[in-house]
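If you want the building blocks of each chain, they are given just below.
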Amino acid sequence: MRVTRGVRITAGAALLALAVAACGGGGGSDNSGSGSGSAAQPVRIEIAEPQNDLIPGNTGETSGAEVLNALFIGLVDYDDQKKPVNRIAESIESTDQTTWTIKLKDGYTWHDGTPVTAQNFVDSWNFTAYGPNQQQSNYFFSVFKGYDAMNPQDPDGEEGPKKAAEPTATTLSGLKAVDDKTISVELTHPYSGFPTMLGYTAFYPLPKAAFESEGKMKADYGSNPIGDGPFKMSKPYKRGTDQTVEMVRFDGFKEGKAKVDALQYKIYTDLNTAYNDLRAGNLDIMDQLPPEQIGGAKAEFGDRYIEQPSSGIGWLGFNIKTGDTYAKSRELRTAISMSIDRATITDKVFSGTRVPADDNISPVVAGYRKGACGEACTFDPAKAKSLWESNGGKDVKSIDLSYNADGAHKEWMEAVANNIRTNLQVEVNVKPYEKFADILNDLGDGKVKGAFRMAWIMDYPSPENYLRPIFGTGGSSNYVQYSNKEFDELLNKGDSAASLDEGVQFYQQADDLALKEMAYVPIYFYTTNGAFSSNVKNVKIDPFERIDVFNVERA
Amino acid sequence: MGRYVIRRLLQAIPVLVGTTFLLFATVYALPGDPIAALGGDRRLDPQLVSRMREQFHLNDPLLVQYWYYIRDILSGDFGTTFRGVPVSSLFEGKFQVTFQLAITALVFEAIIGVGLGLWAALRRGRWQDQAVLAVTLLLVSIPTLVSGFVLQLVLGVKLKQNTGVDFFPVAGIQDGMRSYIVPGLVLAGLSIAYLTRLTRTSLMETLRADYIRTAVAKGMSRRRVLGRHALRNSLIPLITYLGADLGTLMGGAIITETIFNLPGIGQQLFQSVYLRENAVVVGIVTVLVLVYVLANLIVDLLYAVLDPRIRYE
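Residues numbered from 1 in each chain as written. Chains lettered and ligands numbered in written order. Predicted model: local features only at pLDDT ≥ 70, side-chain atom pairs only at ≥ 80, totals over all residues. Heavy atoms only, no water.

1. Regarding the overall build of chain B
For step 1, the next point in the chain: The number of helices and strands found in chain B is 13 helices and zero strands.
For step 2, the next point in the chain: Secondary structure of chain B in N-to-C order comes out as α-α-α-α-α-α-α-α-α-α-α-α-α.
For step 3, the next point in the chain: With the C-alpha coordinates aligned to their principal axes, the bounding extent of chain B is approximately 85 × 60 × 30 Å.
For step 4, the next point in the chain: Among the 313 residues that make up chain B, the fraction classed as buried is 49%.
For step 5, the next point in the chain: Intrachain contacts of chain B at a sequence separation of at least 6 include 74% that bridge at least 24 residues.
For step 6, the next point in the chain: Approximately 14,500 Å² of chain B is accessible, and the part contributed by carbon and sulfur atoms is 68%.
For step 7, the next point in the chain: If the 29 positive side-chain charges of chain B are averaged to one point and the 20 negative ones to another, these points end up 13 Å apart. (Helix = DSSP H or I, 4+ residues; strand = E, 2+ residues; numbered from the N terminus. Buried < 20%, exposed > 50% of the residue type's maximum accessible area, 1.4 Å probe, protein only. Contact = heavy atoms within 4.5 Å. Areas by Shrake-Rupley, 256 points an atom, 1.4 Å probe, with all protein chains shown as cover. Lys, Arg positive; Asp, Glu negative; His and termini not counted. Charge placed at Lys NZ, Arg CZ, Asp CG, Glu CD.)

Next comes the structure, spelled out in structure tokens:
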């Protein structure tokens, strides 16, 4: 057939359809504008896209936690010494460190007006602790009595064909709401640091309104959560589509009104982009800066630039049981540690976003001791060389340094390799793994024979959290296969001490053992680098890298 | 004509099956356990990992996994990401953003590229022509990454800081159409250069044709010779290029989308490949293939409009 006008119309209509579709996108979502500091404008805070819906028990990463921190408050918060102070809790008491009684204050309410009760905490914790709910923070509840019945082990491991047995319980047997204002908790073992756990995101309560029926959460709760904090959602957040999370002040908050009336969390995929927005005045607060911009940010933002220690620590670990010769020898490991110039690496490679580590416990936690690692973590090439040579280091052909290439570790691992090469006169092979998951597999199977990098970010501010999972026998991140009865016993002593303060000395003794062993060699502590615009003031960041939004003010 | 369109659309089916399977297999072959990777620097509870592996059929062989996927799609279920977001909900917002970006870029391409090419062709050999050639060479050699960051800094940050002109947003889509101007320009950069050169060459060739000389000899106005005879006849390669480019612009805007924080599918695709989220990767690519097929179909139909000698039976 010959092409007639009809075809033109068809083709034209198709093009028109495309053009119309194209125009549909932008117009609607414009009300934030980009003026400066007017009363209607919310305080704008940078985040990455939260990985999961806004549910406390399923939020293990910083962006989601940042958002939830404005919507929720927990039993405790942390003071400047990083010690827990009561918030909703009136008191948290125990005589044997195993059975705890938590009393709640009156007057806290949910955004829907109902009071915050003991049952709200119990419902929330049971929901997170129940294995089939697949909540990321599930493991926090393993210290509670009754956790195992809710999370039966897979009989043949995760790869095996057999499925895990069905849980025999849907609630924690060690958790009860005695009355509206009292929670009783029974742990599997004495743990004096229990109160420090309670300020973490995973321990926020959930309102009745979150549940469809007992133990079953409403499907849309996570997009429009009703919380008990100083701010409430002003519209539902559609994850994957929305680029902002919008909140307004909750005027019924017991502790008073927050200083600003609205918050807007803006989602960025690239820190440099966010930083440009901050400079242009389209963004107010960043609690993380692109490393290459730190130098410029200090000069440009002056006293609106924030730098403080954060909870992360980076180690170089060794396979001390089944590894190569140098990995098995404590002296050779110490020599390697002393040959590393931590100050130069943190300064030059990390542009000051890290500081040299001198303890296994982070400076943000009560219990950190400056210089605890002593000589072993101090750069001393001459001593390192003699220690290396006097302990048979000359027979070592080469050293392997393994790391995951997906986490920006290449530069500093190369720098460490250069240090060792130059100062110990030994061949060093740097072995990248494509992904973190790959190196974890090999570490779990004991296939990494040499040294590898590992890091830890705390779950809650207790020295125990820097020791048991990493150095404890069978600890979840104990890839160095360190196992020491004395160490484990010291941790238990710390756990059952009458108070956290009394427990610290035992933890520190255990820490000394670990430091002496040099199985994980501390390399650096992370720092928090942030900045804020001239539209706001009084910006503070807590050890969990959460912004204290309650006290942020307009400048 | 109708039959031609139907035949073309039917041809798309094997293409779709082939591409989806190839992609599915490629993503499947990537190393590492995608579920374990969800935990980041912290190891996930093995119970959680094993439950999720079951849920996403990750313990099954490739063909079985693919079958589950196709079966779900045929029943209208595009599945969810490992993070629990329905893939279909990713489509609505993100495709719109990318589409808008691609169309903006395409408009820049068509106007600037064809315009410059036309201008250069008519001043063949003179300094204007040389200048256009030099500029396009420059455009081709600047990577998107550089032009993106530079334009963002100059138009987004410095312009506002120094002159107070707040027209170009630094990033995001909250300013509606304005948000797409700079990213569209950045994304179009390379194609503008190609299209300019293509227009120039194509038009110069047409201008040399006999029928143009005839038209001029008959005393036809310059405008009519150019518009009606020369330009229309040299449009075919340009339309072909633009049609194919739409697909490229949609799938390849990762860098631009990241720099300007546009929540489009380029970013999503990159993340999903990285996280080995087969459902998302294949879902997005399926739509991209459809866009490609449709764009090319429209181009083919436009041929007939531009050149009446071409017919479709």
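More follows now that the structure is in view.
2. Points about the layout of surface pockets
For step 1, the next point in the chain: The computed volume of the second largest pocket comes to approximately 970 Å³.
For step 2, the next point in the chain: If you list the elements that add at least two residues to the lining of the second largest pocket, you get α4 (147–150), α14 (468–471) and α15 (485–495) of chain A together with α3 (46–55) of chain B.
For step 3, the next point in the chain: Sort the elements by how many residues they give to the lining of the second largest pocket and α15(A) lands first, with three residues.
For step 4, the next point in the chain: When grouped by side-chain class, the residues that make up the lining of the second largest pocket number 13 nonpolar, 14 polar and eight charged. (1 Å grid on protein atoms, 1.4 Å probe; cavity = no way out; pocket = protein on both sides within 12 Å on 5 of 7 lines; lining within 4 Å. Points joined across faces, edges and corners; volume = space filled by probe spheres on them. Nonpolar A, V, L, I, M, F, W, Y, C, P; charged D, E, K, R; others polar.)

3. Focus on the pattern of salt bridges
For step 1, the next point in the chain: Applying the stated criterion across every chain, the model contains 32 salt bridges over all chains.
For step 2, the next point in the chain: With its nearest N and O atoms 3.9 Å apart, the salt bridge here joins A:K266 to A:D277. One end of the pair, A:K266, is in strand β12 (residues 262–267); the other, A:D277, is in helix α6 (residues 271–279), and 11 residues separate them in sequence. Grouping residues by exposure puts A:K266 and A:D277 together as buried.
For step 3, the next point in the chain: Ionic pairing is found between B:R71 and B:D72, a salt bridge with its closest N-O pair at 3.9 Å.
For step 4, the next point in the chain: Each of A:D77, A:R87 and A:E255 takes part in a single network of salt bridges with overlapping partners. (Salt bridge = Lys/Arg side-chain N within 4 Å of Asp/Glu carboxyl O.)

4. Points about helix α3 (residues 118–129) of chain A
All names here are of chain A.
For step 1, the next point in the chain: If you check α3, its first and last C-alpha atoms are 17 Å apart, about what 12 residues at 1.5 Å a residue would give, namely 16 Å.
For step 2, the next point in the chain: For α3, the buried fraction is high: 11 of the 12 residues fall into the buried class.
For step 3, the next point in the chain: Within α3, burial applies to A118, N120, F121, V122, D123, S124, W125, N126, F127, T128 and A129.
For step 4, the next point in the chain: Residues of α3 that are buried make contact with β5 (99–104), α4, β6 (175–179), β7 (182–186), β8 (211–213) and β9 (216–217). (Expected span 1.5 Å × (residues − 1).)

5. Remarks on the state of the cysteines
Two cysteines whose sulfur atoms are joined by a covalent bond form what is called a disulfide.
Residue and element names in this part refer to chain A.
For step 1, the next point in the chain: As enumerated under the stated definition, the model contains one disulfide over all chains in all.
For step 2, the next point in the chain: Paired by a disulfide, C373 and C377 hold their sulfur atoms 1.8 Å apart. Classification of the bridge connecting C373 and C377 rests on its S-S torsion, roughly 70°, and on that basis the disulfide is right-handed. C377 carries the same exposure label as C373, and that label is buried. (Disulfide = S-S within 2.5 Å.)

6. A short note on the UniProt feature "transmembrane region" (unreviewed entry) in chain B
All names here are of chain B.
For step 1, the next point in the chain: With numbering aligned to this structure, UniProt lists the feature "transmembrane region" (unreviewed entry) at residues 12–30, 97–119, 131–157, 177–195, 238–260 and 280–306.
For step 2, the next point in the chain: Secondary structure content for residues 97–119 is 100% helix and 0% strand, and the end C-alpha separation is 33 Å.
For step 3, the next point in the chain: With 79% helix and 0% strand, the stretch residues 177–195 has end C-alpha atoms that lie 24 Å from each other. (UniProt positions renumbered as here; feature names shortened; annotations may be inferred.)

7. Observations concerning the UniProt feature "domain: ABC transmembrane type-1" (unreviewed entry) in chain B
For step 1, the next point in the chain: Residues annotated in UniProt with the feature "domain: ABC transmembrane type-1" (unreviewed entry) correspond here to residues 95–303 of chain B.
For step 2, the next point in the chain: For residues 95–303 of chain B, the helix share is 82%, the strand share is 0%, and the end-to-end C-alpha distance is 28 Å.

8. Regarding the packing of helix α9 (residues 210–217) of chain B against helix α10 (residues 222–251) of chain B
All names here are of chain B.
For step 1, the next point in the chain: For the pair α9 and α10, interaxial distance at closest approach is 11 Å and the crossing angle is 180°. Relative to α10, the element α9 lies roughly antiparallel. Each of Y211, I212, A215 and V216 in α9 lies in contact with α10, whose residues at this interface are V225, H229, A230 and N233. (Axes fitted to C-alpha atoms, helices over the stretch in contact; angles between N-to-C directions. Parallel < 35°, antiparallel > 145°, perpendicular 65-115°, else oblique.)

9. Quick word on the sheet that holds β6(A)
All names here are of chain A.
For step 1, the next point in the chain: Taken in spatial order, the four strands line up as β4-β5-β7-β6 in an open sheet, and their pairing is antiparallel. In the strand order of this sheet, the two ends are held by β4 (89–93) and β6, each with one partner. The average angle at which neighbouring strand axes cross in this sheet is 20°, direction not considered.
For step 2, the next point in the chain: Of the strand pairs in this sheet, β5 and β7 are connected by five bridges, and their pairing is antiparallel. Counted as the bridge partner of T99 is E186 from β7.
For step 3, the next point in the chain: Its contacts with the sheet put α3 on β5, β6 and β7, and the angle it makes with β6 is roughly 170°. (Pairing = 2+ DSSP bridges.)

10. Some remarks on the side chain of A:N272
For step 1, the next point in the chain: Locating A:N272 in the fold gives a position in helix α6.
For step 2, the next point in the chain: For A:N272, a relative accessible area of 14% corresponds to the buried category.
For step 3, the next point in the chain: Those residues in contact with A:N272, other than ones at most four positions away along the chain, are A:P290, A:E292, A:Q293 and B:F149.

11. Regarding helix α12 (residues 265–275) of chain B
All names here are of chain B.
For step 1, the next point in the chain: Among the residues of α12, those classed as buried are I265, G266, Q267, Q268, L269 and S272.
For step 2, the next point in the chain: Residues of α12 that are buried in the fold lie against α5 (87–122), α10, α11 (254–259) and α13 (278–306).
For step 3, the next point in the chain: Just beyond α12, the residue with positive phi is R276, at close to 60°.

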